[in-house]
Amino acid sequence: MANNLFRIRERTVLSDDWGNLARYDFELKTRSGAWQAQRREAYDRGNGVACLLHDPEGGTVLLIRQFRLPAAVNGHDGMMIEVPAGMLDGADPKQRMREELEEETGYRVSELDHLYDVYMSPGSVTEYLSFYQGTYDRSDRAAEGGGNVEEGEDIEVLHVLLEDALAMIRTGEICDAKTIMLIQHLALERR
Ligand SMILES: Nc1nc2c(ncn2[C@@H]2O[C@H](COP(=O)(O)OP(=O)(O)O[C@H]3O[C@H](CO)[C@@H](O)[C@H](O)[C@@H]3O)[C@@H](O)[C@H]2O)c(=O)[nH]1
Ligand SMILES: [Mg+2]
């Protein structure tokens, strides 16, 4: 791993459990052309997918609520309202997104539009998320949803009017980055 901007001197694994936390000693080419020694940590848990489905007839968006430990240990009550999302585990992103939507919400969709790929915390986490958007119809529910119980998931499905979702961003009730981005993207498109 190197290019004309950086070269890694040493990679030290600090933790290798669910994700991988590594410390990198590397050299970075500064704008003056000199090489500067730096040390940074990076948490790698793979890449992911996220998707907002909206119902053009009913005017709702499909959101989920689930417990998020990292937010709970940083001041949130833990019950985050989010768009459905999943970890990629090397799979095809669009296919993974379809499976994740069905597992978490029970809705089966075939058409999904890819919007953009986004590094969510590039100073500390390696992950980027591929963002998708699609439509759903409330009569289209193919499965129960709720997430994978064996993996400890207990997911509540919410149908929220787009205007209400935008208001929930303003009040702070929705405070997850991927969710805010996708709701605002839809609102911008609908203007
Ligand atoms: N044992 C163990 N299991 C974990 C851990 N972290 C997550 N899991 C399990 O791994 C599964 C992850 O579920 P997904 O639906 O695939 O991912 P996600 O947690 O919704 O994460 C999505 O959103 C995140 C951003 O908010 C993204 O970071 C992630 O890539 C993905 O898009 C869940 O069953 C969860 O219990 C962990 O530290 N330990
Ligand atoms: Mg998920």
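Please read these numbers as outputs of a predicted model, since none were measured by experiment.

Take the sheet that holds strand S1 (residues 6-16) next. Pairing within the open sheet is antiparallel, and its three strands lie in the order S1-S2-S3. Each edge of the open sheet is held by one strand with a lone partner, namely S1 and strand S3 (35-44). On average, each strand axis in the sheet is inclined to that of its neighbour by 20 degrees, with strand direction left out of account. With ten bridges joining them, strand S2 (residues 20-29) and S3 adopt antiparallel strand pairing. Bridged to Tyr24 within S3 is Arg40.

The next subject is the packing of helix H3 (residues 162-171) against helix H4 (residues 177-189). H4 packs onto H3 with a crossing angle of 135 degrees between their chain directions and a minimal axis gap of 10 Å. Classified by the interaxial angle, the pair formed by H3 and H4 is oblique. The way H3 lies across H4 gives a crossing that is left-handed. Here H3 contributes Leu162, Ala165, Leu166 and Ile169 to the contact with H4, which in turn contributes Ile180, Ile183, Leu186 and Ala187. Split into classes, the residues belonging to the contact of H3 with H4 amount to eight nonpolar, no polar and no charged.

Sequence positions flagged by UniProt for "binding site: Mg(2+) 1" (unreviewed entry) are, in local numbering, Ala85 and Glu153. Taken together, the annotated residues stretch across 69 residues yet fold into one region, lying no more than 12.5 Å apart by C-alpha. Structurally, Ala85 can be placed in strand S7 (residues 85-87). Judged by the 22 C-beta atoms lying within 10 Å of it, Ala85 falls in the buried class. Those residues in contact with Ala85, other than ones at most four positions away along the chain, are Gly48, Val49, Ala50, Glu100 and Lys178. Examined against the element boundaries, Glu153 turns out to sit in the loop between strand S9 (128-135) and strand S10 (156-161). Ignoring any residue separated from it by four or fewer positions in sequence, one finds Glu153 in contact with Gln66, Gly147 and Asn148.

Conventions used here
- Residues numbered from 1 in each chain as written.
- Chains lettered and ligands numbered in written order.
- Predicted model: local features only at pLDDT ≥ 70, side-chain atom pairs only at ≥ 80, totals over all residues.
- Pairing = 2+ DSSP bridges.
- Helix = DSSP H or I, 4+ residues; strand = E, 2+ residues; numbered from the N terminus.
- Axes fitted to C-alpha atoms, helices over the stretch in contact; angles between N-to-C directions.
- Parallel < 35°, antiparallel > 145°, perpendicular 65-115°, else oblique.
- Left-handed = near helix turned anticlockwise from the far one by under 90°.
- Contact = placed C-beta atoms within 7 Å.
- Nonpolar A, V, L, I, M, F, W, Y, C, P; charged D, E, K, R; others polar.
- UniProt positions renumbered as here; feature names shortened; annotations may be inferred.
- Buried ≥ 20, exposed ≤ 12 C-beta atoms within 10 Å, placed from the backbone.

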